[in-house]
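Commentary on secondary and tertiary structure
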Amino acid sequence: RSCGDYHTVILKKDGSIWSCGNNSGGQLGIGTVTANPTFTKVTKNISNDVKEVICGSTYTFILKNDGSIWACGEGGYGHLGLGNNSNKTTFTKVTTNIKQIACGSGHTFILKNDGSVWSCGNNYYGQLGLGSTTTNYNTFTKVTTNISNDVKQIACGDSHTVILKNDGSIWSCGRNDTGHLGFGH
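Report follows, based on the coordinates. (Residues numbered from 1 in each chain as written. Predicted model: local features only at pLDDT ≥ 70, side-chain atom pairs only at ≥ 80, totals over all residues. Heavy atoms only, no water.)

Description of the packing of aromatic side chains
The following threshold applies: Under the pairing criterion, centres of Phe, Tyr and Trp rings, with the six-membered ring standing for Trp, must be within 6.5 Å; the plane angle then separates stacked pairs below 30 degrees from edge-to-face pairs above 60, leaving the rest tilted. Here's how the labels work: a residue is buried when its accessible area is under 20% of the maximum for its type, exposed when over 50%, partly exposed in between, all with a 1.4 Å probe on protein chains only. Charge-over-ring placement is defined geometrically: NZ (Lys) or CZ (Arg) within 6 Å of the ring centre, and within 35 degrees of the ring normal.
In total, this model carries three aromatic pairs according to the counting rule given. With 6.2 Å between their ring centres and 80 degrees between their planes, Tyr 59 and Phe 61 make a pair best called edge-to-face. For the residue pair Tyr 59 and Phe 61, the accessibility class agrees, reading buried in each case. Counting every residue linked through ring pairs, the aromatic cluster contains Tyr 59, Phe 61 and Phe 140. Between Lys 12 and the ring centre of Trp 18, over which it is positioned, the NZ or CZ distance is 4.2 Å. We note Lys 112 situated over the ring of Trp 118; from NZ or CZ to the ring centre the distance is 4.2 Å.

Next comes the structure, spelled out in structure tokens:
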């Protein structure tokens, strides 16, 4: 199961997904932008082949068993990684060969099977780890600063990102006004 700001998407044991809640950007994946107060099975572009569900604030990603990722919902910062800032009301294929997805409030990270890290979306605070703090990216862009295919896991907060490397070290970027990057200041 995964929860966004005001929506919930669950993955059942049979690989089907069900969603409910706010749907203003299409984040439920049911083909509309109408709020839905009860769990409804998502049927468009889904064939009970979902491995994992990951929700951002107003958007949703799924990782299918074949390693492909699909996105729906609000895309205003380009965080769906589809090359535009459009909303999607049904799950749309983004890319393949993915091991993990992490979503923040308006930014997304993926860890590919080869160990490389890619990010897209809102970058106002540098949360994409790309060295720029003002440019948003609407396609997944490879993160190369301090990363050399040695990442084990990624976690995203509202406007920050934390990476756990294979050697156990922790790396972070993005907003740090309350010290949540762990730098001691």
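What follows picks up the thread again.
Considerations on the sheet that holds strand β14 (residues 160–165)
Remark on secondary structure: sheet strands pair via backbone hydrogen bonds, oriented parallel or antiparallel. Formally: By this definition, two strands are paired if DSSP reports at least two bridges between them. Helical segments are the DSSP runs of H or I of at least four residues, strand segments are the runs of E of at least two, and each set is numbered from the N terminus. Axis geometry follows a simple rule: fit a line to the C-alpha atoms, using only the stretch in contact for helices, then measure angles between N-to-C directions, giving values from 0 to 180 degrees.
The sheet built from three strands is open, its strands ordered β13-β14-β15 with antiparallel pairing. Sheet topology places β13 (151–156) and β15 (170–174) at the edges, where each strand pairs with a single neighbour. Between one strand axis and the next, the sheet turns by 20 degrees as a mean value, whatever way the strands run. Two strands pair when backbone bridges link them, and β13 and β14 are joined in this way by five bridges, in the antiparallel orientation.

Some points on the pattern of salt bridges
A pair can form between side chains of opposite charge whenever their charged atoms are brought close. Counted only if it meets this: Any carboxyl oxygen of Asp or Glu within 4 Å of a side-chain nitrogen of Lys or Arg constitutes a salt bridge here.
In this structure the tally under the stated criterion is three salt bridges. Measuring nitrogen to oxygen at the nearest pair gives 3.7 Å for the salt bridge that ties Asp 150 to Lys 165. Residue Asp 150 is found in the loop between β12 (137–142) and β13, and its partner Lys 165 is found in strand β14; the two are separated by 15 residues along the sequence. Classification of Lys 165 as buried rests on a relative accessible area of 6%. We note a salt bridge from Asp 177 to Arg 175, for which the minimum N-O separation is 3.0 Å. The partly exposed category is assigned to Arg 175, whose relative accessible area is 29%.

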